[in-house]
Protein chains: 2
Amino acid sequence: MTSNDILFKALSDPARLRILDFLRKPGSDCCTFEGKVCACDIERELGLSQATISHHMKILVAAELVAATKLGRWMHYTIRPETFAATAAWFAERAAGTAPAPRPKGSVAA
Amino acid sequence: MTSNDILFKALSDPARLRILDFLRKPGSDCCTFEGKVCACDIERELGLSQATISHHMKILVAAELVAATKLGRWMHYTIRPETFAATAAWFAERAAGTAPAPRPKGSVAA
DNA sequence: TCTATATATCGATAGATTTCGATATGTCAA
DNA sequence: TTGACATATCGAAATCTATCGATATATAGA
């Protein structure tokens, strides 16, 4: 599996897309603080079991879409903008029809 | 299923990613003509059965990643750059951390 | 240390997905 | 119309995935 395979597999589940959306605009309940969202918030937002949320977060972190930091008992999650930016470039490249190998540097249309 | 779900599911299979790559830089064999690739070329390139390729192409077309045109007995496939551009914007939006709803028009960082 | 809480892991199950061979459909050329 | 070829669809097998309850691990507080 390439890292692209891992990335797109991570994005290919509706629950995980909802999690990414929630990380962008979390509510002001519970442990959420300064855009850092804890797992229990996500669990309540999605209505899935704790085990399932833990599983999804592991996949999102492995795909480098989300960063995880442990604060005491809580895990706090945030979007990783670099990965989104790199993926935006991947799509922009293909939208522009340019081949990946023989491209002059700096020409990514992102 | 939203159209994003369909799109990301279409991208979440290694065989389909290889097909998208091949559509960008097809060889000069067989029916390939002016960047239009026929199903038999893809079949030979990937080493999968004809039924499997047909299945994958259906998914890529449904996700609007690929356009299909029938020429006589042959199906010719091409990348749909609009979809890649729109998806690039989707990622760029999230890389920039902007929310989708209350955003002034024209501020997408793509 | 003991208890409560937050998250991770395990094992199982239901449902989805990939893949194939077989067959159907559609199109061109005799 | 008939035969050959390209692609689509069908039905089945194997594998993968999402989900859960149960349990383990880790941390904070008493």
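You'll find the structure just up there.
Below is a short write-up of the structure. (Residues numbered from 1 in each chain as written. Chains lettered and ligands numbered in written order. Predicted model: local features only at pLDDT ≥ 70, side-chain atom pairs only at ≥ 80, totals over all residues. Heavy atoms only, no water.)

Moving on to the overall build of chain A. Within chain A one finds five helices and three strands. Scanning chain A from its N terminus toward the C terminus, one meets helices and strands in the order α-α-β-α-α-β-β-α. Residues classed as buried in chain A amount to 38% of the 110 residues present. Within chain A, contacts between residues at least 6 apart in sequence are counted, and of these 46% link residues at least 24 apart. (Helix = DSSP H or I, 4+ residues; strand = E, 2+ residues; numbered from the N terminus. Buried < 20%, exposed > 50% of the residue type's maximum accessible area, 1.4 Å probe, protein only. Contact = heavy atoms within 4.5 Å.)

Another aspect to go through is the packing of aromatic side chains. Tallying each qualifying case throughout the model produces nine aromatic pairs over all chains. A centroid spacing of 5.9 Å and a plane angle of 40 degrees characterise the contact between A:Phe84 and B:Phe91, whose relative ring orientation is tilted. You can see A:Phe84 sitting in helix α5 (residues 81-96) and its partner B:Phe91 sitting in helix α5 (residues 81-96), one on each of two chains. Pairing A:Trp90 with A:Phe91 gives two aromatic rings, centres 4.9 Å apart and planes at 75 degrees, and the pair type is edge-to-face. A:Phe91 carries the same exposure label as A:Trp90, and that label is buried. Aromatic ring contacts, followed pair by pair, group A:Phe8, A:Phe84, A:Trp90, A:Phe91, B:Phe8, B:Phe84, B:Trp90 and B:Phe91 into a single cluster. The aromatic ring of A:Trp90 is capped on one face by A:Arg94, whose charged end is 3.8 Å from the ring centroid. (Phe/Tyr/Trp six-rings, centres within 6.5 Å; stacked < 30°, edge-to-face > 60°. Lys NZ or Arg CZ within 6 Å of the ring centre and 35° of its normal.)

Another point: the protein's contact with DNA strand D. As a matter of local geometry, DNA strand D sits amid 24 residues, with A:Arg16, A:Ser49, A:Thr52, A:His56 and B:Gln50 nearest to it. Each atom of DNA strand D within 4 Å of the protein was classed as base or backbone; sugar and phosphate made up 71%. Within the backbone of B:Arg73, one N or O atom sits 3.4 Å away from a sugar or linking oxygen of DNA strand D. Looking at the surface near DNA strand D, the elements with two or more residues in it are α2 (14-24) and α4 (50-62) of chain A together with α3 (39-46), α4 (50-62) and β3 (74-79) of chain B. Residue composition of the surface near DNA strand D, grouped by class: ten nonpolar, seven polar and seven charged. (Near = heavy atom within 4 Å. Polar contact = N/O pair within 3.5 Å; in protein donor to acceptor, adjacent residues only side chain to side chain. Nonpolar A, V, L, I, M, F, W, Y, C, P; charged D, E, K, R; others polar.)

Time to look at the sheet that holds strand β2 (residues 66-71) of chain A. Residue and element names in this part refer to chain A. Pairing is antiparallel in the open sheet, where three strands are placed in the order β1-β3-β2. Looking along the sheet, the strands with just one partner apiece sit at the ends: β1 (37-38) and β2. Bridge count between β2 and strand β3 (residues 74-79): six bridges; the pairing is antiparallel. Across the sheet, Ala-68 pairs through a bridge with Tyr-77, a residue of β3. Of the strands in this sheet, β1, β2 and β3 are in contact with α2, which crosses β3 at around 90 degrees. (Pairing = 2+ DSSP bridges. Axes fitted to C-alpha atoms, helices over the stretch in contact; angles between N-to-C directions.)

Turning our eyes to something else, we now look at the relation of the copies chain A and chain B. Related by rotation about an axis and a shift along that axis, the two copies of the chain form a pair. Mapping chain A onto chain B leaves a residual RMSD of 0.0 Å; the transformation is a rotation of 180 degrees accompanied by 0.0 Å of translation along its axis. Interpreted geometrically, this transformation is the action of a two-fold axis. Within chain A, the C-alpha atom positioned nearest to the axis of rotation is that of A:Ala88, 2.1 Å from it. A share of 100% of interface residues in chain A that are also interface residues in chain B marks the association as one of identical surfaces. (Least-squares fit on C-alpha atoms with pLDDT ≥ 70 in both.)

With that out of the way, let us pick up the pattern of salt bridges. Pairs may arise between side chains of opposite charge once their charged atoms sit close together. Summed over all chains, the structure comprises eight salt bridges over all chains. B:Asp21 is the partner of A:Arg94 in a salt bridge, and the nearest nitrogen-oxygen pair spans 3.5 Å. Placement of A:Arg94 in helix α5 and of B:Asp21 in helix α2 (residues 14-24) is noted, with the two residues assigned to different chains. In this structure B:Asp21 comes out as partly exposed when scored by relative accessible area, which is 29%. One salt bridge in this structure joins B:Asp41 and B:Arg44, with 2.7 Å as the shortest N-O distance. Of this pair, B:Asp41 and B:Arg44 both sit in helix α3, three residues apart, which is roughly one turn of that helix. (Salt bridge = Lys/Arg side-chain N within 4 Å of Asp/Glu carboxyl O.)

Contact geometry for α5(A) and α5(B): axes closest at 8 Å, N-to-C directions at 165 degrees. Judged by the angle between their axes, α5(A) and α5(B) are roughly antiparallel. The two elements α5(A) and α5(B) meet at a crossing, and its hand is left-handed. Only B:Pro81, B:Phe84, B:Ala85, B:Thr87, B:Ala88, B:Trp90, B:Phe91, B:Ala92, B:Arg94 and B:Ala95 of α5(B) make contact with α5(A), whose side of the interface consists of A:Pro81, A:Phe84, A:Ala85, A:Thr87, A:Ala88, A:Trp90, A:Phe91, A:Ala92, A:Arg94 and A:Ala95. Tallied by class, residues from the contact of α5(A) with α5(B) come to 16 nonpolar, two polar and two charged. (Parallel < 35°, antiparallel > 145°, perpendicular 65-115°, else oblique. Left-handed = near helix turned anticlockwise from the far one by under 90°.)

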